[in-house]
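# Remarks on the overall topology
Below, each chain spelled out in residue letters.
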Amino acid sequence: KLHSDFELALNLSDFKKGVYLRAWKHGDRVELANGQHKKVSDIFIDAKIPLFKKKIHPIVENSNNEIIWIPGLFNKKGLSDNSNGLLIKWEDYER
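Model, not experiment: these values are computed from the prediction. (Residues numbered from 1 in each chain as written. Predicted model: local features only at pLDDT ≥ 70, side-chain atom pairs only at ≥ 80, totals over all residues. Heavy atoms only, no water.)

Further remarks concern the pairing of strand E6 (residues 67-70). Direction of pairing for strand E5 (residues 59-62) relative to E6: antiparallel, over a ladder of two bridges. Counterpart to Val60 in the pairing with E6 is Trp69. Counted between consecutive antiparallel strands, the loop separating E5 from E6 contains four residues, among which Asn65 sits at a positive phi close to 60°. The pairing of E6 with strand E7 (residues 74-75) spans two bridges and is antiparallel. (Pairing = 2+ DSSP bridges. Helix = DSSP H or I, 4+ residues; strand = E, 2+ residues; numbered from the N terminus.)

Laid out in structure tokens, this is it:
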């Protein structure tokens, strides 16, 4: 079970397909649990993340170029958190 927004659980098959860490790009969007989409820049604004931090905050995407995790801000629902998987944690330097 996930204990915080700073953890991502993946099953090994999804991990082996590819999980990539990158910086925010203009136009990035995430798919919400209700099927709607939201701009990542709006997520940063809602969380009061300043522009300079927005440029270095990690974005994690899968092999389909779909954003699955923004540590502390967004975690795609429906990802596996079973014991056969992998747990990735992000330590925020300001916490």
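Before going further, it helps to spend a moment on the nonpolar core. Residues Trp24, Val30, Val40, Ile43, Phe44, Ile59, Ile67, Ile70 and Phe74 constitute the largest nonpolar core, which totals nine residues. Breaking this core down by element, the ones donating at least two residues are helix H2 (40-46) and E6. Ranked by residues supplied to this core, first place goes to H2 with three residues. Those residues in contact with Ile70 that lie beyond four places of it in its chain are Val30, Val40, Ile43, Phe44, His57, Pro58 and Ile59. If you look at the next biggest cluster of nonpolar residues, it comprises five residues, including Leu8, Leu10, Val60 and Ile68. (Core = buried A, V, L, I, M, F, W, Y, C linked by side-chain atoms within 4.5 Å. Buried < 20%, exposed > 50% of the residue type's maximum accessible area, 1.4 Å probe, protein only. Contact = heavy atoms within 4.5 Å.)

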